Amino acid sequence: MPKPLVSVRNVSKHFGEGEARVDALVDVSLDVMAGEVVGLKGPSGSGKTTLLNVIGCILEPSAGQLVLNDEVVFDRKWLTRDLRRMRLERIGFIFQAHNLLPFLSVVENVALVLRLAGQSEQAATARADELLTYLEVSHRRKAMPAQLSGGEAQRVAIARALANQPRVILADEPTAALDSERARIVMDLLRRVAVENEASIITVTHDEKIFSRFDRLVSLRDGRIDA
Ligand SMILES: Nc1ncnc2c1ncn2[C@@H]1O[C@H](COP(=O)(O)OP(=O)(O)OP(=O)(O)O)[C@@H](O)[C@H]1O
Ligand SMILES: [Mg+2]
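Everything in this summary refers to the structure shown in the same document. Because the structure is predicted, anything quoted here is derived from the model rather than measured.

## Some remarks on unusual backbone geometry
Item 1. Backbone geometry places Asp70, a non-glycine residue, at a positive phi of 70°.
Item 2. Here Asp70 is to be found in the loop between strand E4 (63–68) and strand E5 (71–75).
Item 3. For Glu198, which is not a glycine, the phi torsion comes out positive at approximately 50°.
Item 4. When you line up the elements, Glu198 lands in the loop between helix H6 (180–196) and strand E8 (200–204).
Item 5. Residue classification places Glu198 among the partly exposed residues on the basis of 13 C-beta atoms within 10 Å.

See below:
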């Protein structure tokens, strides 16, 4: 039996207390296998971003368990000592607002995560260029983020998310700013990454045009998985 790469078990997350309490996730369980591309949908406020942030170890659950690649990362408390390093090495994030650093060029943005992980400048730049070529934006390597089109910026953000070859890739509406042709290209690319790197990909989307491109769609409603 293949084991899931991502295993969310009975996770709840609330913000605030008393009157102000919001139950953003209620007893959510989800397994994602290596090579699987899962879509996460649901109305605004249903908990999609919260769930990605929990899986990405950015947000501490209020209850439950999180297992990544056989390591119990959270079980009522964080069990992984160096969460920052784990995020850097094992998880790739792609945000809707692509979050490129505006004062660094395209190639510097991608190389930065490799430098943070301890690579030499030369090795980091070489790997960044390889990724930019793979994503067909290498001709823009010296451009600054403000000079890129939406689709170009999104591909650079994907290159950056893939730089450390993470097995878990989390994307929050990565195609929202793209036309349907570009959205399809991005989805095909994520699928290729899932297969080639045996990665698990979880993508929030509102875009019905790309629903058919996921192996599985998971629906959230009021913080619960909608069966
Ligand atoms: N840091 C926070 N503090 C308080 N409440 C929060 C916080 N983050 C999220 N929430 C609340 O938790 C609920 C789930 O939010 P979340 O961002 O996960 O929704 P979403 O499904 O991603 O929505 P959208 O489609 O609009 O992005 C919402 O009611 C939101 O207001
Ligand atoms: Mg959201």
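## With respect to the site of ligand 1
Item 1. Near ligand 1 you find Phe15, Gly16, Val22, Ala24, Gly42, Ser44, Gly45, Ser46, Gly47, Lys48, Thr49 and Thr50, and these make up its full shell.
Item 2. Only strand E2 (22–33) and helix H1 (48–55) provide two or more residues apiece to the shell around ligand 1.
Item 3. Considering each element in turn, the shell around ligand 1 owes the most residues, 3 residues, to H1.
Item 4. Looking at the shell around ligand 1, its residues break down into 3 nonpolar, 8 polar and 1 charged.

## Describing the environment of Ile91
Item 1. Inspection of the secondary structure puts Ile91 in strand E6 (residues 91–94).
Item 2. The class of Ile91 is buried, set by 20 C-beta atoms lying within 10 Å.
Item 3. Sequence separation between Ile91 and Arg81 is 10 residues; the distance between their C-alpha atoms is 16 Å.
Item 4. Beyond its immediate chain neighbours, meaning those up to four positions away, Ile91 contacts Gly56, Pro166, Val168 and Leu170.

Parameters at a glance
Residues numbered from 1 in each chain as written. Chains lettered and ligands numbered in written order. Predicted model: local features only at pLDDT ≥ 70, side-chain atom pairs only at ≥ 80, totals over all residues. Helix = DSSP H or I, 4+ residues; strand = E, 2+ residues; numbered from the N terminus. Buried ≥ 20, exposed ≤ 12 C-beta atoms within 10 Å, placed from the backbone. Near = placed C-beta within 6 Å. Nonpolar A, V, L, I, M, F, W, Y, C, P; charged D, E, K, R; others polar. Contact = placed C-beta atoms within 7 Å.

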